[in-house]
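Read off the chains here:
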Amino acid sequence: FRQTYQLANASYNYRQLLLNEKLEDIGFDYFENEKIFNGKEYPKPTLSIFNKDIHFLDYIDNKLKAIIGIYTERIPIIVVYKTQEEQNFYTNIFSDYEIAYRKIDKNADIILLELNDIKGEEFPIVLANMNSFSERELYLIMTRAQFELDFFIEYYDDFNPIVYKLIYNDEKIKFLNLINN
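Residues numbered from 1 in each chain as written. Predicted model: local features only at pLDDT ≥ 70, side-chain atom pairs only at ≥ 80, totals over all residues. Heavy atoms only, no water.

Enquirer: With reference to specific residues and values, describe the overall build of the protein chain.
Expert: Looking only at helices and strands, the protein chain has five helices and nine strands in total. Secondary structure elements of the protein chain, listed N to C terminal, follow the sequence α-β-β-β-α-β-α-β-β-β-α-β-α-β. For 181 residues, the compact-globule formula gives about 16 Å, and the C-alpha radius of gyration of the protein chain, at 16 Å, lands near that figure. With respect to the principal axes defined by its C-alpha atoms, the protein chain has extents near 45 × 40 × 30 Å. Counted over contacts in the protein chain with a minimum sequence separation of 6, partners at least 24 positions apart contribute 65%. A total accessible area of about 9,700 Å² is found for the protein chain, and carbon and sulfur atoms account for 47% of it. (Helix = DSSP H or I, 4+ residues; strand = E, 2+ residues; numbered from the N terminus. Rg over C-alpha atoms; globule rule 2.2 N^0.38 Å. Contact = heavy atoms within 4.5 Å. Areas by Shrake-Rupley, 256 points an atom, 1.4 Å probe, with all protein chains shown as cover.)

Enquirer: Quick rundown of helix α5 (residues 161-168)? Include the residues and the values.
Expert: Listed in full, the buried residues belonging to α5 are I162, V163, L166 and I167. End-on, the buried residues of α5 take up no more than an arc of 140°, which puts them together on one face. Where α5 begins, the capping side chain belongs to N160, and its oxygen is found 2.8 Å from the backbone nitrogen of I162. (Buried < 20%, exposed > 50% of the residue type's maximum accessible area, 1.4 Å probe, protein only. Arc of directions from axis to C-beta. Polar contact = N/O pair within 3.5 Å; in protein donor to acceptor, adjacent residues only side chain to side chain.)

Enquirer: Give a detailed account of the layout of surface pockets, specifying residues and quantitative values.
Expert: Reported here for the largest pocket is a volume of approximately 470 Å³. In this structure, the largest pocket is lined by 18 residues; those nearest its centre are E41, Y42, P43, I70 and E148. Listed by contribution, the elements that provide at least two residues to the lining of the largest pocket are β2 (40-41), α2 (53-70), β8 (145-153) and β9 (174-176). At four residues, the largest contribution of residues to the lining of the largest pocket is made by α2. Looking at the lining of the largest pocket residue by residue, the class counts come to eight nonpolar, three polar and seven charged. (1 Å grid on protein atoms, 1.4 Å probe; cavity = no way out; pocket = protein on both sides within 12 Å on 5 of 7 lines; lining within 4 Å. Points joined across faces, edges and corners; volume = space filled by probe spheres on them. Nonpolar A, V, L, I, M, F, W, Y, C, P; charged D, E, K, R; others polar.)

Enquirer: How would you sum up helix α3 (residues 84-93)? Please name residues and give values.
Expert: Among the residues making up α3, those that are buried are E86, Q87, Y90 and I93. Buried residues along α3 cover an arc of 135° about the axis, so they all sit on one side. Facing away from the buried surface of α3 by more than 90 degrees, the exposed residues are E85 and N92.

Below, the structure is given as structure tokens:
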């Protein structure tokens, strides 16, 4: 399993900052076809703000539509959670989607996986609430995404300081201020 350059560069530098090391570009380790797909760069990991459920659902709808236009086969979104309360929240909010729980199902729109279920695995598209996880757990999540990684938070005050550095110092993570009303 090999992440795209954009994901690997972000997760590597996240780890560097965890260890109080300097940021580095690891592009020399990657071939051009691992950086570009169909003439475009693979997406950088993203961080979005959703403070209303409807905005979150709009994002999911758009993401599922984009998947159909980009990939040659159906790919579910992996949503990582930590607590039973979070699983219940996702189950309720995603009630109109085909959901699978703690197992891979290619027919599902969304697969809900508990943090421990992602260890040692890889997934094309991963989504997680940044506020639910410690810094080391965020690193684990970052390393499990193969093509796309989306984090979200509810408020500007919820920024993880390391992710903030990756956004504003070197743009290794793309900040999508999609919705903040």
